Amino acid sequence: MSSYTLVIVESPAKAKTIEKYLGKNYRVLSSIGHVRDLPKSNKDAVDIEAGFIPRYIISPGKGKVIDGLKAAAKKADEVLLASDPDREGEAIAWHVAELIKDVNPNLKRVAFNEITEAAVKEAIAHPRDLDINLKEAQEARRVLDRLVGYDLSGLIWKKVRYGLSAGRVQSPALRIVMEREREIRAFIPEDYFNLTAHTKAKGMEIPFLCTEEPREKTEAERIKAVGEKASWVITDLKETETKRVPRPPFTTSTLQQTASTRLGFSPSRTMGAAQKLYEAGHITYMRTDSPNLSAVAQKQILALLHADFGESYVQPHTYKSKSKSAQEAHEAVRPTNFAKRSVGSTGDQKALYELIWRRAVASQMADATIKRSKLITNITDSKEEIPDFAVNGSRVVFDGWLKVDTQARGEDTEVPKLAIGDAVTIQSVAIEAKQTQPPNRYTEAGLIKELEKRGIGRPSTYASIMKTITDRGYVLKEGRTLIPTDTGDVVSSFLEKHFLEYISDTFTSEMEDNLDQIAEGNRTYLKTLTEFYLPFQKDVASKADIEKITNLGPGPKQFPCPECGSDMIIKLGRSGTFLSCNRFPDCTGARIIDGSEMKPDAPLGQDPETKLDVFVLNGKFGPYVQLGETPEKVKGKKQAAPKRASLPAGTKPEDVTLEAALKYLTLPRELGPHPKTAEPIVANTGQYGPYLAHAGDFRSLKGKDDPYTITFKRALEIYAEPKQTRKGEKLLKELGINPLTRKMVNVFESKSGRYLKKGFKRISIPDEVSTEDITIEVAIDLLKQG
């Protein structure tokens, strides 16, 4: 290729799609995400005195990528930077430009909201300069998050516990979760009673529900007694017609919320599938807070509706963003071609695409007409009065947009066809005791909705906020519900006490507005950083002498110190909260948070060979045996860990004898080197039972095979058998040993696509890389990038 235009995008999959649309005079390469970032260590990451200048470094594993881009740029007539159409994309383009401008200064920026041939060619025909305002808005967010996180986390390490963290946006999100949790804790339930009149009329059994909920049992029993003695009649019939208007096309937040409630997807799972659909050219850019549709998209939908459903179902709608500043792409998440009803290479992608297609198409359809009915009955022949009883119904008269978005429809419930004055026969009045319920905890979808309502975060940040507060151990996910942990409670309480201004809704929302103003060119980077950071830095410094949080409040009076009888206090340890004697360190009495006593670990006995004590202990991954005592930590000095071994599955700590413990301590057993790799095969046991391990390839031991007696020969037989994978997972290819980690590398596939494994993390394989082309070298590069 003697002369060409180089187009640089950030994703290999995106590069593959764009390449199909451009001719032989173009070459499309990928930066594979960011090429530069702040160093992980905060030291020298930002030069504050020089004006908050970030000191970027080449991202790990990107050296070869940059060399390839430079070499291609040197030979190109022109370089077009075509990363995503938002601040993050602008920043990636700027970083790439900074690295290659010396070899080719002829650099331009192109941006498109969808990866279709028309959109790409239109963008290529109208290149522009880099938007430094957008780049500085992203840079300001990155620097702010680094400075806030580093300063607050450093203080929390000193005053609460080592290893904890705080963040400019994650901490307000955690505070919102904790505020709801405190509401739940403070909630006092009240009794009330539901009454149901079971009746018969015209051969139908009809349950009528009392329109009032008595708080007193005596009043409920009075209504029941009066009702069961009297005659009943239909006193009123109310019918109303209402309209249900279609919902706007998806923004990032509404897509994440709906995918959570309908598909059970986490925000990160939703965005992962959406990213693939976008890169393949199937949907528009997925980070947006605008529900607007382009004129071209609207025409596509209207033509489809006329053809498939007829004139009565067509009703064009225009939607506008409720956001004060739609900071990302300026169109909703929608299909690029509405003629395609189903696309995607995985189950996740297909399900998400269908959701997006239905929502966008339904948004241009006629309102649904719903008839709501209410049938009311009461007694007729009693001197005493009781409340009305009613039965409600609704049915769809005209389905409109619900014809496409069927999951939004709900079920029709018809009321019996009775008229005013018709008699109903009372069979019984049932009383059901109830209690008022506290507010629900947030789900991920609910928390994203709340963050958006309060102006905290932006489309590009919602998924990472959810992931951060979960990964940090500040909330646990039970199903879809977010439950704050003891650690999350303590961290949030500390920040609310000492830094409430900086994690408040107002401050966080105003900071987002400031970043928006930088993007619009109405505010400077330096002014924003200076006005925030200098006062913030002083506030953090002023807290240097506050006492370390060791006391989280008094413990329950019914649990005195087991050693001296004094009151207990609640403290935070690495495994959560516990009860400690308020005389500590003079008294070391302690209890588990449920009140049961913590006792010092007594040894089972001594190992005859080493003369060291043998203990049964409990740790993060369950009970285990240990040879020798745990050494005390010495600052700056790494201590050798004592030999440990997990208990076999199903073994209770109290049942372990010295003989059994010494047997467990013979593990792990090295059986010999595998003849193909020369890597050792090891027999061991863990929390999921006994297993063999070889270069990261684990095989469960079952039946008569046990780790204490299994032979090398038997181990080779097991490794000669095909590997059993997880349900829904398929082993596609064995690649060999990674020379850097000495672990086996394999290619797997599930409904979410193809991937490599890095610990418990999955590293997706780009669509353009075929399974046949994946070598150990290609895999190592992908693992580094992951």
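This text goes with the structure placed above it.
Read on for an overview of the structure. No experiment lies behind these values; they were computed from the predicted model shown.

**Examining the sheet that holds strand 12 (residues 368-379)**
Line of reasoning, step 1. The strand order around the closed barrel formed by six strands is 9-10-13-12-11-14, and the pairing between neighbours is antiparallel. Between one strand and the next, the sheet's axes are offset by a mean angle of 35°, whatever the strand orientation.
Line of reasoning, step 2. Pairing of strand 10 (residues 204-210) with strand 13 (residues 389-398) involves two bridges; the strand directions are antiparallel. Within strand 13, the position partnered with Leu 209 by the bridge is Ala 390.

**Section: the pairing of strand 28 (residues 697-700)**
As a general feature of sheets, a regular strand has side chains that alternate between the two faces.
Line of reasoning, step 1. Side chains Asp 697 and Arg 699 of strand 28 all project onto a buried face; the interleaved residues Phe 698 and Ser 700 project onto a face where none is buried.
Line of reasoning, step 2. Where strand 27 (residues 689-694) lies against strand 28, four bridges are found, and the strand directions are antiparallel. Among the inter-strand pairings, Ala 693 is bridged to a residue of strand 28, identified as Phe 698.

**As for the sheet that holds strand 28**
Line of reasoning, step 1. If you trace the four strands from one edge of the open sheet to the other, you get 25-26-27-28, paired in antiparallel fashion. The sheet is open, and its two borders are formed by strand 25 (669-673) and strand 28, each paired with just one other strand. With strand direction ignored, the average angle separating the axes of adjacent strands in the sheet is 25°.
Line of reasoning, step 2. Here strand 26 (residues 680-686) pairs with strand 27 via five bridges, running antiparallel. If you follow Thr 685 over to strand 27, its bridge partner there is Pro 690.
Line of reasoning, step 3. Strand contacts of helix 18 (residues 712-720): strand 25, strand 26, strand 27 and strand 28, with the helix running at about 80° to strand 27, the strand carrying the most contacts.

**Re helix 6 (residues 170-186)**
Line of reasoning, step 1. Along its 17 residues, helix 6 runs 24 Å from first to last C-alpha, staying within 8% of the 24 Å computed at 1.5 Å per residue.
Line of reasoning, step 2. Within the span of helix 6, buried status applies to Gln 170, Ser 171, Pro 172, Ala 173, Leu 174, Arg 175, Ile 176, Val 177, Met 178, Arg 180, Glu 181 and Ile 184.
Line of reasoning, step 3. For helix 6, the elements touching its buried residues are helix 12 (444-454), helix 13 (462-471), strand 15 (475-478), strand 16 (481-484), helix 14 (486-498) and helix 15 (505-520).

**Some points on the environment of Ser 165**
Line of reasoning, step 1. Residue placement: Ser 165 occurs in the loop between helix 5 (132-159) and helix 6.
Line of reasoning, step 2. For Ser 165, a relative accessible area of 9% translates into the label buried.
Line of reasoning, step 3. Residues Ser 165 and Tyr 474, spaced 309 residues apart in sequence, show a C-alpha to C-alpha distance of 9.8 Å.
Line of reasoning, step 4. Engagement of the side chain of Ser 165 in a polar contact is seen with the side chain of Arg 472, the distance being 3.0 Å.

**Observations regarding unusual backbone geometry**
Line of reasoning, step 1. Residues Phe 584 and Pro 585 are joined by a peptide bond in cis, for which omega reads 10°.
Line of reasoning, step 2. Mapped onto the fold, Pro 585 is located in the loop between strand 18 (576-581) and strand 19 (590-592).
Line of reasoning, step 3. Pro 668 follows Leu 667 through a cis peptide bond whose omega is 0°.
Line of reasoning, step 4. Although it is not a glycine, Lys 202 sits at a positive phi angle of roughly 50°.
Line of reasoning, step 5. Within the secondary structure, Lys 202 sits in the loop between strand 9 (191-201) and strand 10.

**What to know about the packing of helix 8 (residues 252-263) against helix 9 (residues 267-279)**
Line of reasoning, step 1. It is the contact of helix 8 with helix 9, at a shortest axis distance of 9 Å, that shows an interaxial angle of 115°. Here helix 9 runs roughly perpendicular to helix 8, going by the angle between their axes. You can see that helix 8 and helix 9 cross each other, and the crossing is right-handed. Contact with helix 8, carried on its side by Thr 252, Leu 255, Gln 256 and Ala 259, involves Pro 267, Thr 270 and Met 271 of helix 9 and no other residues of that element.
Line of reasoning, step 2. Of the residues contributing to the contact of helix 8 with helix 9, the split by class is four nonpolar, three polar and no charged.

**A few points about the side chain of Ser 11**
Line of reasoning, step 1. Relative to the helices and strands, Ser 11 resides in the loop between strand 1 (5-9) and helix 1 (12-21).
Line of reasoning, step 2. Polar side-chain contacts of Ser 11 include one of 2.7 Å to the side chain of Glu 279.
Line of reasoning, step 3. Excluding anything up to four places from it in sequence, Ser 11 contacts Ser 30 and Glu 279.

**A word on the nonpolar core**
Line of reasoning, step 1. The biggest cluster of nonpolar side chains holds 56 residues, and the ones touching the most others in it are Phe 112, Ile 283, Leu 352 and Val 361.
Line of reasoning, step 2. Those elements giving two or more residues to this core turn out to be strand 1, helix 1, helix 4 (117-125), helix 8, helix 9, helix 10 (295-308), helix 11 (347-362) and strand 12.
Line of reasoning, step 3. Look past the residues within four positions of Ile 283 in its chain and what remains in contact with it is Ala 274, Leu 277, Tyr 278, Val 333, Arg 334, Pro 335, Thr 336, Tyr 353 and Ile 356.
Line of reasoning, step 4. Ranked by size, the runner-up nonpolar core spans 55 residues in total, among them Val 177, Met 466, Ile 503 and Ala 519.

**Concerning the packing of aromatic side chains**
Line of reasoning, step 1. Following the criterion strictly, the structure yields 14 aromatic pairs and no others.
Line of reasoning, step 2. Summarising the aromatic geometry, the rings of Trp 232 and Phe 389 are spaced 5.2 Å apart at their centres and angled 80° between planes, so their arrangement reads as edge-to-face. Remark: Phe 389 occurs in strand 13 and Trp 232 occurs in strand 11 (residues 232-244); sequence separation between them is 157 residues.
Line of reasoning, step 3. Among the residues examined, Trp 232 registers a relative accessible area of 2% and is labelled buried.
Line of reasoning, step 4. The buried category is assigned to Phe 389, whose relative accessible area is 0%.
Line of reasoning, step 5. Ring geometry for Tyr 664 and Tyr 708: centres 6.3 Å apart, planes at 40°, overall tilted.

Reading the values: the criteria
- Residues numbered from 1 in each chain as written.
- Predicted model: local features only at pLDDT ≥ 70, side-chain atom pairs only at ≥ 80, totals over all residues.
- Heavy atoms only, no water.
- Pairing = 2+ DSSP bridges.
- Helix = DSSP H or I, 4+ residues; strand = E, 2+ residues; numbered from the N terminus.
- Axes fitted to C-alpha atoms, helices over the stretch in contact; angles between N-to-C directions.
- Buried < 20%, exposed > 50% of the residue type's maximum accessible area, 1.4 Å probe, protein only.
- Contact = heavy atoms within 4.5 Å.
- Expected span 1.5 Å × (residues − 1).
- Polar contact = N/O pair within 3.5 Å; in protein donor to acceptor, adjacent residues only side chain to side chain.
- Parallel < 35°, antiparallel > 145°, perpendicular 65-115°, else oblique.
- Left-handed = near helix turned anticlockwise from the far one by under 90°.
- Nonpolar A, V, L, I, M, F, W, Y, C, P; charged D, E, K, R; others polar.
- Core = buried A, V, L, I, M, F, W, Y, C linked by side-chain atoms within 4.5 Å.
- Phe/Tyr/Trp six-rings, centres within 6.5 Å; stacked < 30°, edge-to-face > 60°.

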